Amino acid sequence: MLAIEVKNLTKKFNRLKAVNNISFKVEKGEIFGLLGPNGAGKTTTIKMLITLVKPNGGEAKVWGFDILKQKNEVRNSIGIVFQEPALDNRLTGKENLDFHARLYGLDKETRKKRIKEVLELVELRDKANVLVGNYSGGMQRRLEIARGLMHYPKILFLDEPSLGLDTQTRRRIWEYILRLNKKEKTTIVLTTHYMEEADYLCQRVAIIDFGKIVALDTPANLKSVLGGDVISIEAVPSEKAFQVFQKISWVKKINQHNGTIDLNCEQGEKKIPLLMKIDQENLGFEIKSINLRKPTLEDVFLHFTGKTIRETEVSQSEKNKRAMRRRFRR
Amino acid sequence: MRAKNLQVIYVMWLREMKIFLRAKSRWISNLALPFFFLFTMAFGFRRFRIAGVFHGMSYGNFLVPGIIGMTMLFSSMFTGISILWDRDFGFLKEIMVAPVKRSAVILGRVSGGVTNNLIQGISILLSSFLIGFRINSLLSIFWALLFMVVISVGFNGLSVAIASKMRDPQAFPLIMHFFTYPAFLFSGALFPIADLPFWLRSFSYLDPLTYGVDGLRGVLVGFSQFPPILDLSVLLIFSLAMVILGSWLFSRTEV
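To keep things clear, this report deals only with the structure shown in the data block. Keep in mind that this is a model prediction, so the values were computed, not measured. (Residues numbered from 1 in each chain as written. Chains lettered and ligands numbered in written order. Predicted model: local features only at pLDDT ≥ 70, side-chain atom pairs only at ≥ 80, totals over all residues. Heavy atoms only, no water.)

Structural notes on the pattern of salt bridges
All names here are of chain A. Taken as a whole and judged by the stated rule, the model has 24 salt bridges over all chains. Ionic pairing is found between Arg204 and Glu30, a salt bridge with its closest N-O pair at 2.4 Å. Pair noted here: Arg204 is in strand E9 (residues 204-209) and Glu30 is in the loop between strand E2 (16-26) and strand E3 (31-35), with a separation of 174 residues, a long-range link. The two residues Arg204 and Glu30 agree in class, both being buried. Among the ionic pairs, Asp199 bridges to Lys223, the shortest N-O distance being 3.0 Å. Placement of Asp199 in helix H7 (residues 195-201) and of Lys223 in helix H8 (residues 219-224) is noted, with a sequence separation of 24 residues between them. Overall, Asp199 belongs to the partly exposed group, its relative accessible area being 26%. (Salt bridge = Lys/Arg side-chain N within 4 Å of Asp/Glu carboxyl O. Helix = DSSP H or I, 4+ residues; strand = E, 2+ residues; numbered from the N terminus. Buried < 20%, exposed > 50% of the residue type's maximum accessible area, 1.4 Å probe, protein only.)

Overview of helix H1 (residues 2-22) of chain B
Between the first and last C-alpha of H1(B) there are 31 Å, a value that for 21 residues agrees with the 30 Å anticipated at 1.5 Å per step. When we look at burial in H1(B), the residues that qualify are Lys4(B), Asn5(B), Gln7(B), Val8(B), Val11(B), Met12(B), Leu14(B), Arg15(B), Glu16(B), Met17(B), Ile19(B) and Phe20(B). Here the buried face of H1(B) lies against helix H3 (93-103) and helix H4 (108-121) of chain A together with helix H2 (24-44), helix H4 (77-88), helix H5 (91-96) and helix H6 (102-128) of chain B. (Expected span 1.5 Å × (residues − 1). Contact = heavy atoms within 4.5 Å.)

Description of the pairing of strand E4 (residues 57-62) of chain A
Residue and element names in this part refer to chain A. As defined by bridge partners, strand E1 (residues 4-13) adjoins E4 across five bridges and the pair is classed as antiparallel. Across the sheet, residue Lys7 finds its bridge partner in E4, namely Glu59. Pairing of E4 with strand E5 (residues 65-66), which is carried by two bridges, proceeds in the antiparallel orientation. Looking across to E5, one finds that Lys61 is bridged to Asp66. Between E4 and E5, which pair antiparallel one after the other, the connecting turn spans two residues, and Trp63 there sits at a positive phi close to 50 degrees. (Pairing = 2+ DSSP bridges.)

A short note on the interface of chain B and chain A
With 29 residues of chain B at the interface, the matching set in chain A holds 32 residues. For the pairing of chain B and chain A, the buried interface totals around 3,000 Å² over both sides, and the portion due to carbon and sulfur atoms is 60%. Counting the surface chain B buries against chain A, the share from its top three residues, Phe89(B), Glu94(B) and Val97(B), is 23%. There are five salt bridges connecting chain B and chain A. Inspection of the chain B/chain A interface yields five residue pairs in polar contact (both at pLDDT 80 or more). Secondary structure elements with two or more residues in the side of chain B that touches chain A: H1, H4 and H5 of chain B. In terms of residue class, the side of chain B that touches chain A is built from 16 nonpolar, three polar and 10 charged. (Buried area = accessible area lost by both parts, 1.4 Å probe. Polar contact = N/O pair within 3.5 Å; in protein donor to acceptor, adjacent residues only side chain to side chain. Nonpolar A, V, L, I, M, F, W, Y, C, P; charged D, E, K, R; others polar.)

Considering the side chain of Thr10(A)
Residue and element names in this part refer to chain A. Tracing the backbone shows Thr10 in strand E1. According to the relative accessible area criterion, Thr10 is buried, its value standing at 12%. A polar atom in the side chain of Thr10 sits 3.1 Å from the backbone nitrogen of Asn21. Not counting residues up to four positions away in its chain, the partners in contact with Thr10 are Val19, Asn20, Asn21, Met48, Pro55, Asn56 and Gly57.

Observations regarding the environment of Arg75(A)
Locating Arg75(A) in the fold gives a position in helix H2 (residues 71-77). Separated by 26 residues in the primary sequence, Arg75(A) and Leu49(A) have C-alpha atoms spaced 9.6 Å apart. Setting aside chain neighbours within four positions, we find Arg75(A) in contact with Thr51(A), Tyr104(A), Met96(B), Val97(B), Ala98(B), Pro99(B) and Arg102(B). Here the side chain of Arg75(A) touches Thr51(A) through a polar contact of 2.9 Å, side chain to side chain.

Let's talk about the packing of aromatic side chains
Residue and element names in this part refer to chain B. Evaluation of the coordinates by the stated rule reveals 21 aromatic pairs over all chains. For the ring pair Phe45 and Tyr59, a centre distance of 5.3 Å and an interplane angle of 65 degrees mean the geometry is edge-to-face. One end of the pair, Phe45, is in the loop between H2 and helix H3 (59-75); the other, Tyr59, is in helix H3, and 14 residues separate them in sequence. Overall, the relative accessible area of 32% leaves Phe45 in the partly exposed class. Accessibility expressed as a relative area gives 6% for Tyr59, which makes it buried. (Phe/Tyr/Trp six-rings, centres within 6.5 Å; stacked < 30°, edge-to-face > 60°.)

Given below as structure tokens:
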């Protein structure tokens, strides 16, 4: 049995196809990533899988249960960390967890034991009795991860788990995610628009753009599509250099933009000395700088969609909205 | 499954209670309004006699059941507001993805609201003894509590129903005032509805709170327009209908 099986899932908002006929499978125990810019349809996909939004077409099974016909079974098998905070600020961390545990029908013994366990996992034990309103953003996100795990879900959904967090907190969250995947064998599905997050965490990544999956594979395989490393060279005059580099046998692909020449090759670090030698042969140009880049998922994204991940205005207005809410609550 | 639903009702109730006990401002605002009404009106109209109605009853004795009814009505708004807050702060999603019956969630919220209302109703009743309010017998208190429960179940249900159809927490009080003020003024909480001209009185007959106030008055001071059992029946039907409507609308909300 698969953890998740999605077939031709579609969701329309008025005329706009937010999710357009997508299909994918998630294996048990896997960390699976949906990578794409804001508004690509990641969150809508997740919302359909967690039974919050009804699809317009297609079908999906979560832990073997149909998302339309077996909602309660699906809900019992999954834990969710939403993109926007979904905690009660007027309760303490422990009370939020206890509320969740009771809602999922855990008995008293299990509740006590599990609250301790999950708080330990996210290192919040000393803040258990503090009102969530006094938590920092990072602490809130950690508590939400803990809450998502309370009822021993088979699959944990994380919608942009590190959005708006500082680098250190992000690193910590990544460690928790890896730890719980290893320790509790929880299957994890996460959405992100951070390339390095998908690269670091996910065993397989689906690149999603305009509601469609444009590529799906392991990060390593996705990157190998690009044909190895990229060496960027600034040289004057660049036209002359371009002509010379074009003829080198180990260069797989060559591009020129804004006076910079990009060479694709294998094992780029070993090619730099070769380039230095060519420079010394005085072939009518001079190399000013050499920069070696290992391909990232950013490059993969660029390759498949023809653009870099775009930061839309949507995210900005979301942030404003959240700030307003906080102010209103106080 | 049944035990699990009870657990859900309990946990929703428990949450309402915790929040209520911590929100001191809500305590003050909840109790201040009825007390202002009670004290100013009871003393202000102390010397008024309305022909043929009060039978030597003081206005204060006439008024107390009305103020209790009013409190049940106005405080029920909070249940709807708390749903809208949950939606606005994202917490509603947490509830909506849980494997629980929507009706159990609503019953839990309503029972939380009813508990709050009862606390207020009892404090008003007790403090009204200070201003000379007298009841028929101790048994009256039991019947009065029963009436308070059915009135507040009904209006809590209405509050949930309206909140489920709304998105904007700021517009909610405005919409609710559209229901609460007419319901309050037509209910006969402040004056006997028998004195209203017929065309106005017909609004009173449509107002569920009329039967609430009348019933409370009947059981507490022995003065009512209808037999209290009729009042109780009307209220039972009203509250049942509102809880069903509220649960139904709530189960259809998307977050």
